[in-house]
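# Architecture and fold: a report
In case you want the letters, here they are:
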Amino acid sequence: MNFKRIGVIGGGTMGQGISEMLAAKGLDVLLVEESPEKLDHAYNMIETSLDKQLEKWAITKAEKKLILSKVHKVTHLAELGTCDMVIETISEDLDAKKEVFKELDHVCPSNIILASNTSTLSLTEIAGSTMYPERVIGMHFIYPVSKINLVEIIRGLKTSDTTFEETKHFVEEVVDKRGIMVYESPGFVTSRIICVMINEALHVLGEGVATAEDIDNAMRVGYQFQYGPLEMADRFGLDSVLAALERMFREFGDLKYRPSFVLKKMVRAGSLGVKTGEGFFKYDKDGDRL
């Protein structure tokens, strides 16, 4: 398949990152949000991201203008019928995702791949809401999308070989990232491992073994992580980390997935990380750590 026009549903952190990355690769992106206000906010955040790159001389003004011209604001899923692929990136709510895929089934021709960026939910269950489950696949991008060159390609029970091969081609040849095939399992590979590490860091913090700053420095400096586990959690969103751990705890029943009380307390307090400006550390409106 010749991929030129990609639909992205959801303008949150991941939707913004995926849209910007695809547009930078020269693809036309139809970005969908549930309201014009949320759509404008997502578009403005993409522009802010490009402005930060411009300040660092990573791109030129002409490149910024070209990338933005490739992102088209859309408020109705019906407009995605002309896309070569659709990527769903809404919040980790199974019922909401199933509703989106059910609607896409009616507007996208049966040969169009429908992908979900879910990190913990069942692709088989999501695909079950469609008439053509063989074309549904998981494509889990990792934050920050533009900098992480890995994509987990997750096969549901009925995902066809053709869908997988075309998705792998898209990931490796079109957007130039490394694709790994994952069979469906809660948390897949990356979320399952990283969430356990974050949870253990939270236990260490809760036990008073070390400060948040020192825990992150130990892992960042000692093991060459770009971010320490607590800053990682801030950037993922503490509510998202909690939801992922709770889902894996329910699915596996293993105590290692039981969320730390520190994480629950932070989420209850509304300190969710970068999205609220404060988590274990403080951040400015552009997401830079203060």
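Residues numbered from 1 in each chain as written. Predicted model: local features only at pLDDT ≥ 70, side-chain atom pairs only at ≥ 80, totals over all residues. Heavy atoms only, no water.

This part takes up the pattern of salt bridges. Across all of its chains, the model carries 14 salt bridges by this definition. Across the pair Lys-97 and Glu-92 runs a salt bridge whose closest N-O atoms are separated by 3.4 Å. Under the relative-accessibility criterion, Lys-97 is labelled buried at 1%. A relative accessible area of 33% places Glu-92 in the partly exposed class. Ionic pairing is found between Arg-235 and Glu-231, a salt bridge with its closest N-O pair at 3.0 Å. Here Arg-235 and its partner Glu-231 are both found in helix H9 (residues 229–236), four residues apart, which amounts to about one turn of the helix. (Salt bridge = Lys/Arg side-chain N within 4 Å of Asp/Glu carboxyl O. Buried < 20%, exposed > 50% of the residue type's maximum accessible area, 1.4 Å probe, protein only. Helix = DSSP H or I, 4+ residues; strand = E, 2+ residues; numbered from the N terminus.)

The UniProt record annotates "domain: 3-hydroxyacyl-CoA dehydrogenase C-terminal" (unreviewed entry) at residues 187–283. In the segment residues 187–283, helix accounts for 61% and strand for 0%; the C-alpha atoms at its two ends are 27 Å apart. (UniProt positions renumbered as here; feature names shortened; annotations may be inferred.)

Mapped onto the elements of the fold, Thr-130 is located in the loop between helix H5 (123–127) and strand S6 (136–141). With relative accessibility at 9%, the residue Thr-130 sits in the buried group. One polar contact links the side chain of Thr-130 to the main-chain amide nitrogen of Tyr-132, over a distance of 3.5 Å. (Polar contact = N/O pair within 3.5 Å; in protein donor to acceptor, adjacent residues only side chain to side chain.)

Further remarks concern the UniProt feature "domain: 3-hydroxyacyl-CoA dehydrogenase NAD binding" (unreviewed entry) in the chain. UniProt's feature table lists "domain: 3-hydroxyacyl-CoA dehydrogenase NAD binding" (unreviewed entry) at residues 6–182, given in the numbering used throughout. In the segment residues 6–182, helix accounts for 42% and strand for 21%; the C-alpha atoms at its two ends are 23 Å apart.

What follows is about the domain arrangement of the chain. In terms of domains, the chain is made up of domain 1 (5–183) and domain 2 (191–276). Here the C-alpha centroids of domain 1 and domain 2 sit 26 Å apart. Here domain 1 packs against domain 2, burying approximately 690 Å² in sum over the two surfaces, 60% of which is carbon and sulfur. The interface formed by domain 1 and domain 2 includes zero salt bridges. Summed over the shared surface of domain 1 and domain 2, the result is zero residue pairs in polar contact (both at pLDDT 80 or more). Its residues placed into classes, the side of domain 1 that touches domain 2 shows two nonpolar, three polar and one charged. (Domains from an automatic or database assignment. Buried area = accessible area lost by both parts, 1.4 Å probe. Nonpolar A, V, L, I, M, F, W, Y, C, P; charged D, E, K, R; others polar.)

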